[in-house]
Amino acid sequence: MKKNKKLILIAVVAVIAIGLYFSFVSPKKSIDISKGQISKVETMAQLCAIDIYSEVPILDTINNKVMFAVQKQKGSVSFDLENMQMDSDGDTVKIVLSPEIVNLYEATEDNSWEVIDTKAIGSMSMLKSDKLTIEEENAIKANIKENSKKLLYHNGTIERARAEGARNLQTLMEKVYKKPVKVTDPTPKGAHYDEYK
Amino acid sequence: MKFKLLTMCTLAALLSSCAKNDNTELYQELKSVDKMVFASMAITKTAKMDSSDWYTIGKRIAVYSYDSYMRAYVDLSALQMDDLVFDEDAKTVKVTLPPVITEITGRDMEMRKEYENVGMLRADLDSKERAEIKEKANASFKTEVEENPMFKQQLTDAAKRKARKYFETIFEANGYTASIDFKPSSNSDSHEKE
């Protein structure tokens, strides 16, 4: 009887030990990457005045889950040269600077998207999952993009890009037209400044 | 190392407060450029993650995709006055543009979920795993762009066609017939920057 109890105890301990072992050992994982497929080729004529590189800490909450990450971003501010208003005033060519095109991407350097931590918050958070779904993660990333763009308008980057764009455009067009060129900017703070107030 | 330390300090400072959306930059670099961009390309990468072992019960498979982008441009700051040769009698102009340069502009922030199958007894994927998947896809993308000249070539060809068309049109509006050429780059016709 005593021997049976001992055997049962050993079996229980063994089961618990095996269970613990497998809960800490991750199953083998394979990641297969397909070959890159060209999905779009676009042509344009855009004058790029500023290249942006930044590293942004991300702290956001969605559905009672908090994420903290660091993202490296790359972007640029450009102007469409094919849809510019041009006019002649005597010997001078007058050009109106077009609205800025702000492109913002995640960089392609190593660790450009580094997730530091996630946690569940709110009542009974200890019992809830802290794992974000891909949809939640994408929603956070959409917020990041909007906030970063907003910052570019507020910290004067867009204003600087427009001023430099106007200067570069004037230099180019004076070479092309061999005449004095005047570039006017109807929205020096940015064509979309009000949207990001 | 310095960056890690800075990151950890920021983490501590931010997590000590209530979690709110905060995008203040750790670092920002603005570079004044004078690039004329004539073409861009989107390249889709798809990644499949499968995690299983002899002792696991149920599948744990996820397939995600996202686009990375490249662009082709000429550096207008390298365009000199003598690169434009006008013939007033014939009303022609010969333009020699700086070489076409290709570069990687970045990648989508979001990933598209193509497929997910996580069994009831398996753990959901977390954000760190998705970041790892994206990191591997990104490394593969950069190697591919470096080793397969097709991407750069196709982009450069499209940019040259567009540049010719654009400059021919603006000179034509000014009464000139333009012939557009490109300076060769130091090593090849186009080169790539990251």
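Residues numbered from 1 in each chain as written. Chains lettered and ligands numbered in written order. Predicted model: local features only at pLDDT ≥ 70, side-chain atom pairs only at ≥ 80, totals over all residues.

Enquirer: Before we move on, can you summarise the overall build of chain B with the specific residues and values?
Expert: Broken down by element type, chain B carries 3 helices and 8 strands. When the helices and strands of chain B are placed in sequence order, the string is α-β-β-β-β-β-β-α-α-β-β. Put simply, chain B has 194 residues, and 32% of those count as buried. When contacts within chain B are restricted to residue pairs at least 6 apart in sequence, those whose partners lie at least 24 apart make up 78%. (Helix = DSSP H or I, 4+ residues; strand = E, 2+ residues; numbered from the N terminus. Buried ≥ 20, exposed ≤ 12 C-beta atoms within 10 Å, placed from the backbone. Contact = placed C-beta atoms within 7 Å.)

Enquirer: Quick rundown of the interface of chain A and chain B? Include the residues and the values.
Expert: Taken together, the contact between chain A and chain B spans 75 residues of the former and 81 residues of the latter. Elements represented by at least two residues in the side of chain A that touches chain B include exactly strand S1 (29-33), strand S2 (37-62), strand S3 (65-80), strand S6 (100-106), strand S7 (113-120), helix H2 (134-154) and helix H3 (157-177) of chain A. Among the elements that line the side of chain A that touches chain B, the one with the most residues is S2 of chain A, at 25 residues. Here the residues of the side of chain A that touches chain B are counted per class, giving 36 nonpolar, 21 polar and 18 charged. Note that S2 of chain A and strand S1 (residues 27-51) of chain B share 15 bridges and pair antiparallel. (Nonpolar A, V, L, I, M, F, W, Y, C, P; charged D, E, K, R; others polar. Pairing = 2+ DSSP bridges.)

Enquirer: Pulling in residues and values, what's your account of the sheet that holds strand S4 (residues 85-89) of chain A?
Expert: All names here are of chain A. If you trace the 3 strands from one edge of the open sheet to the other, you get S4-S5-S8, paired in mixed fashion. In this open sheet, the two edge strands, each paired with only one partner strand, are S4 and strand S8 (181-184). The sheet shows a mean angle of 20 degrees between the axes of neighbouring strands, direction not considered. The sheet contact formed by strand S5 (residues 92-96) and S8 spans 4 bridges and is parallel. Bridging from a neighbouring strand, Val93 pairs with Val181 of S8. (Axes fitted to C-alpha atoms, helices over the stretch in contact; angles between N-to-C directions.)

Enquirer: Please provide a residue-by-residue account of the sheet that holds strand S7 (residues 177-182) of chain B, values included.
Expert: Residue and element names in this part refer to chain B. Pairing is mixed in the open sheet, where 3 strands are placed in the order S3-S4-S7. What marks the edges here is a single partner per strand, and that holds for strand S3 (84-87) and S7. Strand-to-strand twist across the sheet, computed as the mean angle between neighbouring axes with direction ignored, equals 15 degrees. Sheet topology note: the S3/strand S4 (residues 92-97) ladder contains 4 bridges and is antiparallel. The residue of S4 that forms the bridge with Val85 is Lys94. Packed on one face of the sheet, helix H3 (residues 149-173) meets S4 and S7 and runs near 150 degrees to S7.

Enquirer: Describe helix H2 (residues 127-147) of chain B, and please don't skip the residues or the numbers.
Expert: An α-helical turn contains 3.6 residues, so any two residues separated by three or four positions project in the same direction. Residues and elements named next belong to chain B. Taking 1.5 Å as the rise per residue, H2 with 21 residues should run 30 Å; its terminal C-alpha atoms sit 30 Å apart, in good agreement. Along H2, the positions that sit buried rather than exposed are Ser127, Arg130, Ile133, Lys134, Ala137, Asn138, Phe141 and Val145. Buried residues of H2, viewed axially, fall in a sector of 140 degrees; they line one side. Relative to its buried face, H2 has exposed residues pointing more than 90 degrees away, namely Thr143, Glu146 and Glu147. (Expected span 1.5 Å × (residues − 1). Arc of directions from axis to C-beta.)

Enquirer: Go over the environment of Glu42 of chain A with me, naming the residues and quoting the values.
Expert: Along the polypeptide, Glu42 of chain A turns up in strand S2. Separated by 32 residues in sequence, Glu42 of chain A and Ile10 of chain A place their C-alpha atoms 69 Å apart. Beyond its immediate stretch of four places on either side in the chain, Glu42 of chain A contacts Ala39 and Ser40 of chain B.

Enquirer: How would you explain the nonpolar core if you had to name every residue and give the values?
Expert: Note on soluble globular proteins: their nonpolar side chains tend to be buried together. Judged by nonpolar contacts, the single largest core of 57 residues is most densely connected at Phe38, Ala72 and Tyr73 of chain B. With 9 residues, the top contributor of residues to this core is S1 of chain B. With residues near it in sequence (within four places) discarded, Tyr73 of chain B still touches Cys48 of chain A together with Lys35, Met36, Val37, Phe38 and Ile101 of chain B. Residues Val56, Ile58, Val66 and Val115 of chain A belong to the second largest nonpolar core, which totals 14 residues. (Core = buried A, V, L, I, M, F, W, Y, C linked by C-beta atoms within 7 Å.)

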